[in-house]
Amino acid sequence: QVELVESGGGSVQAGGSLRLSCAISGYTSSSNYMGWFRQAPGKQREGVAAILIGSSLTYYADSVKGRFTISQDVAKTTVYLQMNSLKPEDTAMYYCATRQYRVGSRWYLPSDYDYWGQGTQVTVSS
């Protein structure tokens, strides 16, 4: 019964900002990864950022460090991705995903995640 729902995507000009939200329900683990991924046409799905719920450890792809920030609400039912200084190359379908933490799991690999949202489109124009 795990459900993930993304929202907040849209179209923005280069240099603008968007804030994505991911609401999670039905997942009771107190220690799990919540990750944001993106996939552009013809490209591999790539990890953008992740947060380890319970420890608040965060991880970022080099391409978004300094521009994107992942965070969670107090209730730990929603994870956000604040995206600033957006570039055309950020254009992609963005997905949130989650998995229970396990030693050896890799935050940036889609294959290590068990549950996925439906995605939300982000389009950045120059």
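First things first, this report covers the structure right here in the doc. (Residues numbered from 1 in each chain as written. Predicted model: local features only at pLDDT ≥ 70, side-chain atom pairs only at ≥ 80, totals over all residues. Heavy atoms only, no water.)

**Points about the pairing of strand β1 (residues 3-7)**
- Alternating residues of β1 divide into L4 and E6, all buried, and E3, V5 and S7, none buried.
- With five bridges connecting them, β1 and strand β3 (residues 18-25) associate as antiparallel partners. Along β3, the bridge assignment pairs E3 with S25. (Buried < 20%, exposed > 50% of the residue type's maximum accessible area, 1.4 Å probe, protein only. Helix = DSSP H or I, 4+ residues; strand = E, 2+ residues; numbered from the N terminus. Pairing = 2+ DSSP bridges.)

**Regarding the state of the cysteines**
- For the coordinates displayed, the defined rule picks out one disulfide.
- With its sulfur 2.1 Å from that of its partner, C22 forms a disulfide with C96. The sign of the 65° torsion about the S-S bond sets the C22-C96 disulfide as right-handed. Here C22, found in strand β3, pairs with C96, found in strand β9 (residues 92-100); they are 74 residues apart in sequence, far enough to count as distant. (Disulfide = S-S within 2.5 Å.)

**A look at the pairing of strand β7 (residues 68-72)**
- Here five bridges tie β7 to strand β8 (residues 78-83), and the two strands are oriented antiparallel to one another. Across the sheet, the residue bridging to Q72 is V79, located in β8.
- The turn joining β7 and β8, which pair antiparallel and follow one another in sequence, is formed by five residues; a positive phi near 60° is taken by K76.

**A few points about the sheet that holds β3**
- As summarised here, the arrangement of the four strands in space is β1-β3-β8-β7, forming an open sheet in which the pairing is antiparallel. Strand pairing shows two members of the sheet lacking a second neighbour, β1 and β7, which therefore form its edges. Each neighbouring strand pair of the sheet contributes to a mean axis angle of 15°, computed without reference to strand direction. (Axes fitted to C-alpha atoms, helices over the stretch in contact; angles between N-to-C directions.)

**Concerning the packing of aromatic side chains**
- Within this structure, the stated rule accounts for nine aromatic pairs.
- Between Y33 and Y101, the aromatic rings sit 5.7 Å apart at their centres with planes inclined by 65°, giving edge-to-face as the arrangement. Highlighted residues: Y33 in strand β4 (residues 32-39) and Y101 in the loop between β9 and β10 (115-116), separated in sequence by 68 residues.
- Residue Y101 is classed as partly exposed on the basis of its relative accessible area of 36%.
- Ring geometry for F37 versus Y113: centroids 4.9 Å apart, planes at 80°, classification edge-to-face. Here the residue F37 occupies a position in strand β4, and Y113 occupies one in the loop between β9 and β10, the gap between them amounting to 76 residues. Residues F37 and Y113 agree in their burial class; the two are buried. (Phe/Tyr/Trp six-rings, centres within 6.5 Å; stacked < 30°, edge-to-face > 60°.)

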